[in-house]
Amino acid sequence: PGFCYTGSRMTRTILHVDMDAFFTSVEQRDRPELRGKPVVVGSPPDQRGVVAAASYEARRFGVHSAMPSREAFQRCPQAVFLPPDGNRYGKASRQIRAIFDRFTPLVEPLSVDEAFLDVTGVQHLFGDGEQIARRIKDTIHKETQLTASAGVAPNKFLAKLASDRDKPDGLTVVPTDPDEISAFLAPLPVGRIWGVGKVSQRHLEKAGIHTIGQI
């Protein structure tokens, strides 16, 4: 009963919690000698394959997920390449999911390192959306020594955009007022729209549409 809410006019509060460089952060946590160094999880650079994850240190050199490992090595030859360790990543993911479940039963995982949480009905227990997001982030860091970024918004689309705004270890709250939501969205590039890929983005930019505000 503590989790229930009624009334269609209640503004929903949705969190999107996204772990920061999850695979490589687990590696750097468990291997202190890798902290502060560029780390790539994926295929080795002398074999055909791609990058599964890159640490923020590696991203500064333009390395990103789905990039061929050979290209990643060319961009950052000093990077440490590691094979994926699904067991350790899975264990960390289960720890994080258990933390989510302490705050709300309404959890929608998107992958091993991100999820939507509907916290509309638990704010009388844990505070407003921003307070809940901060508590979740703090609990994750305390119990797993990993950082997460969170977005707080009235729907999933906005929450996902918000969580990516101030990475790593960020927390962005989108207001509920429609005019303020429009102002938040307006300057963002069209490629930030969930579902707009590189091809769609090129078509939109060819048509002179570069920002969400123009749409």
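Bear in mind the structure is a predicted one, so any value in this text is a computation, not a measurement.

Draft legend 1. Inspection of the packing of helix α1 (residues 22-30) against helix α4 (residues 86-103) at higher detail. Two elements in contact, α1 and α4, have axes separated by 10 Å at closest approach and are oriented at 100°. In this view, α1 runs roughly perpendicular relative to α4, as classed from their interaxial angle. Facing α1, whose interface residues are Phe22, Phe23, Val26, Glu27 and Asp30, α4 presents Arg88, Tyr89, Ala92, Ser93 and Ile96. Grouping the amino acids of the contact of α1 with α4 by side-chain chemistry returns six nonpolar, one polar and three charged.

Draft legend 2. Representation of unusual backbone geometry within the structure. Between Lys167 and the following residue, Pro168, the backbone shows a cis peptide bond with an omega angle of -5°. Along the chain, Pro168 falls in the loop between α7 (156-163) and β8 (171-173). Phi at Ala21 takes a positive value of approximately 45°, unusual for a residue other than glycine. Within the secondary structure, Ala21 is located in the loop between β1 (14-19) and α1.

Draft legend 3. Seen up close, the side chain of Asp118. With respect to the helices, strands and loops of the structure, Asp118 is situated in strand β6 (residues 114-118). A distance of 2.7 Å separates the side chain of Asp118 from the side chain of Arg12, its partner in a polar contact. Reaching out from Asp118, the side chain makes a polar contact with the side chain of Thr120 at a distance of 2.6 Å.

Draft legend 4. Molecular detail of α4. Taking 1.5 Å as the rise per residue, α4 with 18 residues should run 26 Å; its terminal C-alpha atoms sit 26 Å apart, in good agreement. Looking at α4, one finds that the buried residues are Tyr89, Gly90, Ala92, Ser93, Ile96, Ile99, Phe100 and Phe103.

Draft legend 5. Representation of the environment of Ala159 within the structure. Structurally, the position occupied by Ala159 is in helix α7. In sequence terms Ala159 and Val17 are 142 residues apart; their C-alpha atoms lie 8.6 Å from each other. Ala159 has contacts with Ile14, Leu15, His16, Gly151 and Ala153, leaving out every residue within four places of it along the chain.

Draft legend 6. Structural context of the nonpolar core. In this structure, Leu15, Phe100, Leu117 and Ile140 are the most contacted members of the largest nonpolar core, which totals 28 residues. Listed by contribution, the elements that provide at least two residues to this core are β1, α1, α4, β6, α6 (129-144) and β7 (148-153). The next biggest cluster of nonpolar side chains, apart from the first, holds 15 residues, and it includes Ile14, Phe116, Leu158 and Ile193.

Draft legend 7. Just the sheet that holds β1, in detail. Across the sheet, which stays open at both edges, the five strands sit in the order β5-β6-β1-β7-β8 with mixed pairing between neighbours. In the strand order of this sheet, the two ends are held by β5 (107-111) and β8, each with one partner. On average, each strand axis in the sheet is tilted by 15° relative to the strand beside it, whichever way the strands run. Two strands pair when backbone bridges link them, and β1 and β6 are joined in this way by five bridges, in the antiparallel orientation. Pairing of Ile14 across the sheet is with Asp118, part of β6. Running over the sheet, α6 touches β1, β6, β7 and β8 and is turned about 165° from β7.

Parameters and conventions
Residues numbered from 1 in each chain as written. Predicted model: local features only at pLDDT ≥ 70, side-chain atom pairs only at ≥ 80, totals over all residues. Heavy atoms only, no water. Axes fitted to C-alpha atoms, helices over the stretch in contact; angles between N-to-C directions. Helix = DSSP H or I, 4+ residues; strand = E, 2+ residues; numbered from the N terminus. Parallel < 35°, antiparallel > 145°, perpendicular 65-115°, else oblique. Contact = heavy atoms within 4.5 Å. Nonpolar A, V, L, I, M, F, W, Y, C, P; charged D, E, K, R; others polar. Polar contact = N/O pair within 3.5 Å; in protein donor to acceptor, adjacent residues only side chain to side chain. Expected span 1.5 Å × (residues − 1). Buried < 20%, exposed > 50% of the residue type's maximum accessible area, 1.4 Å probe, protein only. Core = buried A, V, L, I, M, F, W, Y, C linked by side-chain atoms within 4.5 Å. Pairing = 2+ DSSP bridges.

Such coordinate-based values are descriptive only and should not be taken to indicate function.
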